[in-house]
Amino acid sequence: KEVVCGDDTGVVTFSLRSDDHVALCKVGDAIRVQNAHTRMVKGFIRLVVDKWSAFKAADAETVDFEAVDEKKDVSATEYELS
């Protein structure tokens, strides 16, 4: 299961392991992510949320940006692994 999340610096594709995590991902909602890690999947960056990661709804008042910058998609760039 994959979702795209971001902030004012850009967006990244998340790989989620739990249906509970997917249920938290709604357009416009704030999410707090801790202890996630990156993984290359077919040459593209994914931010992996596993059983050791915290992925929870965040208080919207703690968000300090107004718009998500969808033009900077870190996961859209294909990297050649050697």
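For the structure, check the block above.
Below: a short report on this structure. What you see is a predicted model; the values in this text were computed from it and never measured.

**A look at unusual backbone geometry**
And step 1. Of note, the phi angle at Asn-35 is positive, near 65°, even though the residue is not glycine.
And step 2. With a relative accessible area of 56%, Asn-35 lands in the exposed category.
And step 3. Even without being glycine, Lys-42 reaches a positive phi, approximately 55°.
And step 4. Checked against the element boundaries, Lys-42 lands in the loop between strand E4 (37-41) and strand E5 (44-49).
And step 5. When its relative accessible area of 76% is taken as the criterion, Lys-42 is described as exposed.

**Let's talk about the pairing of strand E2 (residues 10-16)**
Residues in a regular strand point their side chains to alternate faces of the sheet.
And step 1. Within E2, 7 of the 7 residues are buried, which leaves it mostly tucked inside the rest of the structure.
And step 2. As consecutive antiparallel partners, strand E1 (residues 2-7) and E2 are separated by 2 residues.
And step 3. Bridge count between E2 and E5: 3 bridges; the pairing is parallel. Paired with Phe-14 across the bridge in E5 is Leu-47.

Basis of the calculations
- Residues numbered from 1 in each chain as written.
- Predicted model: local features only at pLDDT ≥ 70, side-chain atom pairs only at ≥ 80, totals over all residues.
- Heavy atoms only, no water.
- Buried < 20%, exposed > 50% of the residue type's maximum accessible area, 1.4 Å probe, protein only.
- Helix = DSSP H or I, 4+ residues; strand = E, 2+ residues; numbered from the N terminus.
- Pairing = 2+ DSSP bridges.

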